[in-house]
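For reference, the chains in residue letters:
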Protein chains: 2
Amino acid sequence: MTTPVGRVACDLTVTVDGYAAGTGQSEERPFGEDGADGWGGRLHGWMFEQSEENRAELDRMTAAKAYVMGRNMFGPVRGAWDRPWNGWWGDEPPFHAPVFVLTHHPRDPQPMAGSTVFSFVTDGVEAALERARAAAGGGDVSVLGGATTVNQYLAAGLIDELRLHIAPFTLGAGTRLFDGVPALELERTQIRVASTVTHVTYRVLSRIR
Amino acid sequence: MTTPVGRVACDLTVTVDGYAAGTGQSEERPFGEDGADGWGGRLHGWMFEQSEENRAELDRMTAAKAYVMGRNMFGPVRGAWDRPWNGWWGDEPPFHAPVFVLTHHPRDPQPMAGSTVFSFVTDGVEAALERARAAAGGGDVSVLGGATTVNQYLAAGLIDELRLHIAPFTLGAGTRLFDGVPALELERTQIRVASTVTHVTYRVLSRIR
């Protein structure tokens, strides 16, 4: 008997020109230097102000049984973990599952309220995914971002499903999805047009070259 | 009495990562180095093999009263016009209207069958658009590409409507839409899901910064 293996999905909110964050990220500005009214709000407003309208996509995003994220997404702390930082999401993060954070600096697992446990993985993207797969026990794994992390997984051929949430503006600079990723054959499997964002799901079929 | 001024639209077929052509364009490979079965066909198959299904978008594209295109899109001839070249589209191109081709090298207008006239503009993007507007007589003008030309018009704030035809693959390299274009506020005004491509129309509202 083999254990069923879940999909590896990636949920990423991007601008029309593919940016997931602007330049100059900091603790005050997690999505980079703001324009007139903030990239963060422009990008992610669909999850908060418009959460009812986008319930299906949010439910699908939180249905994963384990998560992977880059350290940039986890927080602005660089280098050693020399000050307390447990992510942007408060005491009870919305993941309710194991979250594997890519980092070069070892740190003990950090349990949070509501069954989220942040574990810190220092041996690379494949190791982090392996641990997430094991933790998911046949359920889906979701790679949450940022774009740099997603690009590493795409380049390694480790993403089955790419769920893009496209916000109607361009940034022109920042961290861009697909940057450095080789040509990929995709299949658009689902699309839903919300009031501002467009939700598009692609299955990643193969590398073209 | 003022003459009604038409919109300036842009129709561009792009990959999911925003490329309108690969690297290494040549006369034999107008869309750049091919992969297994050719970017050109992958990108533009919706206009040819699937022309019935995509009739609405094709009709809208050919409804313009004048066109602008970059020299790269017109053909592979570089430098002076030292050999005959009247575009990729045969004796009767599908434009049936004046087409203004951006170039650094003067050339006499080239009339074709079916009312297409290629005129060559050496004094820049704004001059080419001005001539196209005048020729369109209040009708719409369409900037046809390539991406380098579209980016110049976007950066100059001269595009009202961006009609993207998104093909389900990524290229990873080549000529990319929005490259060097400042942050723009967009409004998604129309979307139609065809069997392979996704047609998305954005109104360009303003520069964000």
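Cut-offs and rules
Residues numbered from 1 in each chain as written. Chains lettered and ligands numbered in written order. Predicted model: local features only at pLDDT ≥ 70, side-chain atom pairs only at ≥ 80, totals over all residues. Heavy atoms only, no water. Helix = DSSP H or I, 4+ residues; strand = E, 2+ residues; numbered from the N terminus. Rg over C-alpha atoms; globule rule 2.2 N^0.38 Å. Buried < 20%, exposed > 50% of the residue type's maximum accessible area, 1.4 Å probe, protein only. Contact = heavy atoms within 4.5 Å. Areas by Shrake-Rupley, 256 points an atom, 1.4 Å probe, with all protein chains shown as cover. Lys, Arg positive; Asp, Glu negative; His and termini not counted. Charge placed at Lys NZ, Arg CZ, Asp CG, Glu CD. Least-squares fit on C-alpha atoms with pLDDT ≥ 70 in both. Pairing = 2+ DSSP bridges. Phe/Tyr/Trp six-rings, centres within 6.5 Å; stacked < 30°, edge-to-face > 60°. Lys NZ or Arg CZ within 6 Å of the ring centre and 35° of its normal. Core = buried A, V, L, I, M, F, W, Y, C linked by side-chain atoms within 4.5 Å. Axes fitted to C-alpha atoms, helices over the stretch in contact; angles between N-to-C directions. 1 Å grid on protein atoms, 1.4 Å probe; cavity = no way out; pocket = protein on both sides within 12 Å on 5 of 7 lines; lining within 4 Å. Points joined across faces, edges and corners; volume = space filled by probe spheres on them. Nonpolar A, V, L, I, M, F, W, Y, C, P; charged D, E, K, R; others polar. Expected span 1.5 Å × (residues − 1). Buried area = accessible area lost by both parts, 1.4 Å probe. Salt bridge = Lys/Arg side-chain N within 4 Å of Asp/Glu carboxyl O.

Chain A goes by Dihydrofolate reductase family protein in an unreviewed UniProt entry, where it is assigned to Streptomyces thermocoprophilus.

## Structural notes on the overall build of chain A
Along chain A, the regular secondary structure elements total five helices and 11 strands. Rg of the C-alpha trace for chain A: 16 Å, near the compact-globule value of 17 Å for 209 residues, within the 12% margin. Dimensions of chain A, computed from the C-alpha atoms along their principal axes, are close to 45 × 40 × 35 Å. For chain A, the proportion of its 209 residues judged to be buried stands at 52%. In chain A, of all internal contacts separated by at least 6 residues, the share reaching a separation of at least 24 is 63%. Surface exposure of chain A reaches about 9100 Å², of which carbon and sulfur atoms provide 51%. Here chain A holds 19 positive side-chain charges and 25 negative ones, and the gap between their average locations is 4 Å.

## A closer look at the environment of S51 of chain B
Residues and elements named next belong to chain B. Along the chain, S51 falls in the loop between helix 1 (39–48) and helix 2 (55–61). S51 sits in the buried class, given a relative accessible area of 19%. Residues S51 and V14 lie 37 residues apart in sequence; the distance between their C-alpha atoms is 17 Å.

## Observations regarding the relation of the copies chain B and chain A
Expressed as a screw transformation, the operator carrying chain B onto chain A has a rotation angle of 180° and an axial translation of 0.0 Å, and the superposed copies differ by an RMSD of 0.0 Å. Given the turn and translation reported, the copies of this chain are related as if by a two-fold rotation axis. A shared binding surface is used by both copies, with 100% of the interface residues of chain B retained as interface residues in chain A.

## Observations regarding the sheet that holds strand 5 (residues 110–111) of chain B
Residue and element names in this part refer to chain B. Ordered in space as 5-6-4-3-7-1-8-11-10, the nine strands form an open sheet in which the pairing is mixed. Looking at which strands have only one partner, the edges of the open sheet turn out to be strand 5 and strand 10 (184–193). Examined bridge by bridge, strand 1 (residues 8–15) and strand 7 (residues 141–145) share three bridges and lie parallel to one another. Within the sheet, the bridge partner assigned to A9 lies in strand 7 and is S142.

## With respect to the packing of aromatic side chains
For the coordinates displayed, the defined rule picks out 18 aromatic pairs over all chains. Between the aromatic rings of W85 of chain A and W88 of chain A, the centroid separation amounts to 5.0 Å while the plane-to-plane angle is 80°, which identifies the pairing as edge-to-face. A relative accessible area of 9% places W85 of chain A in the buried class. Members of the aromatic cluster, joined through ring pairs, are Y67, F74, W81, W89, F95, F118 and F120 of chain A. Of note, R71 of chain B hangs over the ring of W81 of chain B, and the distance from its end group to the ring centre comes to 3.6 Å. We note R107 of chain B situated over the ring of W81 of chain B; from NZ or CZ to the ring centre the distance is 4.9 Å.

## Quick look at the nonpolar core
Note that soluble globular proteins tend to have their nonpolar side chains buried in a common cluster. Grouped together as the largest cluster of nonpolar side chains are 72 residues, with contacts concentrated most on L12, V68, Y153 and L154 of chain A together with L12, Y153 and L154 of chain B. Residues in contact with L12 of chain B, not counting those within four places in the same chain, are A20, L144, G145, G146, A147, V150, R163, L164, H165 and L177 of chain B.

## Structural notes on the sheet that holds strand 5 (residues 110–111) of chain A
Sheet strands line up and pair through hydrogen bonds in the backbone, either parallel or antiparallel. All names here are of chain A. Pairing in this open sheet of nine strands is mixed, and the strands run 5-6-4-3-7-1-8-11-10 from one edge to the other. In the strand order of this sheet, the two ends are held by strand 5 and strand 10 (184–193), each with one partner. Pairing analysis gives four bridges linking strand 3 (residues 66–69) to strand 7 (residues 141–145), with the strands arranged parallel. Following the sheet pairing, V68 is matched in strand 7 by V143. Seen against the sheet, helix 5 (residues 147–155) touches strand 1 (8–15), strand 3, strand 4 (98–102), strand 7, strand 8 (161–167), strand 10 and strand 11 (198–207) and runs at an angle of roughly 135° to strand 7.

## Re empty space enclosed by the protein
What the rule picks out here adds up to four cavities of 30 Å³ or more. Taken as a whole, the largest cavity spans an internal volume of roughly 340 Å³. Lining the largest cavity are 28 residues, and of these V16 and I166 of chain A together with T15, V16 and I166 of chain B sit closest to its centre. Secondary structure elements with two or more residues in the lining of the largest cavity: strand 1, strand 8 and strand 11 of chain A together with strand 1, strand 8 (161–167) and strand 11 (198–207) of chain B. For the lining of the largest cavity, the class distribution of residues is 18 nonpolar, six polar and four charged.

## Side note on helix 4 (residues 125–136) of chain A
All names here are of chain A. An ideal rise of 1.5 Å per residue puts 16 Å on 12 residues; helix 4 measures up with 16 Å between its terminal C-alpha atoms. All buried positions along helix 4 are accounted for by V125, A127, A128, L129, A132 and A136. Elements in contact with the buried residues of helix 4: strand 1, strand 3, strand 4, strand 6 (117–121), strand 7 and helix 5. Downstream of helix 4 by one or two residues, G137 has phi in the positive range, about 50°.

## Brief notes about the interface of chain B and chain A
Interface size is often expressed as the accessible area that is lost when the parts come together. Taken residue by residue, the interface counts 32 residues in chain B and 32 residues in chain A. Summed over both partners, the interface of chain B with chain A comes to about 2700 Å²; 51% of that surface belongs to carbon and sulfur atoms. The interface formed by chain B and chain A holds two salt bridges in total. Here R42 of chain A and E185 of chain B are joined by a salt bridge, their closest N and O atoms 2.4 Å apart. Sorting the residues of the side of chain B that touches chain A by element identifies helix 1, strand 8, strand 10 and strand 11 of chain B as the ones contributing at least two each. Split into classes, the residues belonging to the side of chain B that touches chain A amount to 20 nonpolar, five polar and seven charged.

## A closer look at the pairing of strand 4 (residues 98–102) of chain B
Residue and element names in this part refer to chain B. With four of its five residues buried, strand 4 lies for the most part within the structure. Of the strand pairs in this sheet, strand 3 (residues 66–69) and strand 4 are connected by three bridges, and their pairing is parallel. Counterpart to Y67 in the pairing with strand 4 is V99. Across five bridges, strand 4 lies against strand 6 (residues 117–121) in parallel orientation. Paired with P98 across the strands is V117, a residue of strand 6.

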